[in-house]
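# Structural features, examined
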Amino acid sequence: MDPIKYFTFSMIISISGIRGILLNRRNIPIMSMPIESMLLAVNSNFLVFSVSSDDMMGQSFASLVSTVAAAESAIGLAIFVITFRVRGTIAVESINSIQG
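Not measured: the values here are computed from a predicted model.

Relative to the helices and strands, Met-56 is located in the loop between helix H2 (28-53) and helix H3 (57-87). Overall, Met-56 belongs to the exposed group, its relative accessible area being 58%. On a C-alpha basis, the gap between Met-56 and Phe-46 in space is 9.9 Å, while along the polypeptide they are ten residues apart.

Written as structure tokens, this is what we have:
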């Protein structure tokens, strides 16, 4: 197994996630999708390290990261729905005016 190919793939996914966050600053759900792709890159790194070192800890960390990503997506979606119901939009410009 050549881990360099997998690390290169993970790096490409991570860079595209950073690029997605920097370029899409208008809509919050579109901003959250690159975060999920960066978590996918982290998971693939954990799995490659786990297979290359013949250790199960990387696979357990990958499942933990997947669980946290699912919880984050559910909570984020609930916040988006509540914000849309209250404000009528989920544009980033209108979110900046939230006082609390």
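Here the narrative resumes, following the displayed structure.
Here the focus is H2. In this model, H2 (26 residues) spans 38 Å end to end at C-alpha, consistent with the 38 Å of a helix rising 1.5 Å per residue. Those residues of H2 not exposed but buried are Ile-28, Pro-34, Ala-41, Asn-43, Ser-44, Val-48 and Ser-50. Positive backbone phi, approximately 55 degrees, marks Asp-54, located one or two places after H2.

The next point concerns the side chain of Ser-10. Here Ser-10 lies in helix H1 (residues 3-23). With a relative accessible area of 2%, Ser-10 lands in the buried category. Contact partners of Ser-10, with chain neighbours within four places excluded, come to Ala-41, Ser-44 and Asn-45.

What counts and how
- Residues numbered from 1 in each chain as written.
- Predicted model: local features only at pLDDT ≥ 70, side-chain atom pairs only at ≥ 80, totals over all residues.
- Heavy atoms only, no water.
- Helix = DSSP H or I, 4+ residues; strand = E, 2+ residues; numbered from the N terminus.
- Buried < 20%, exposed > 50% of the residue type's maximum accessible area, 1.4 Å probe, protein only.
- Expected span 1.5 Å × (residues − 1).
- Contact = heavy atoms within 4.5 Å.

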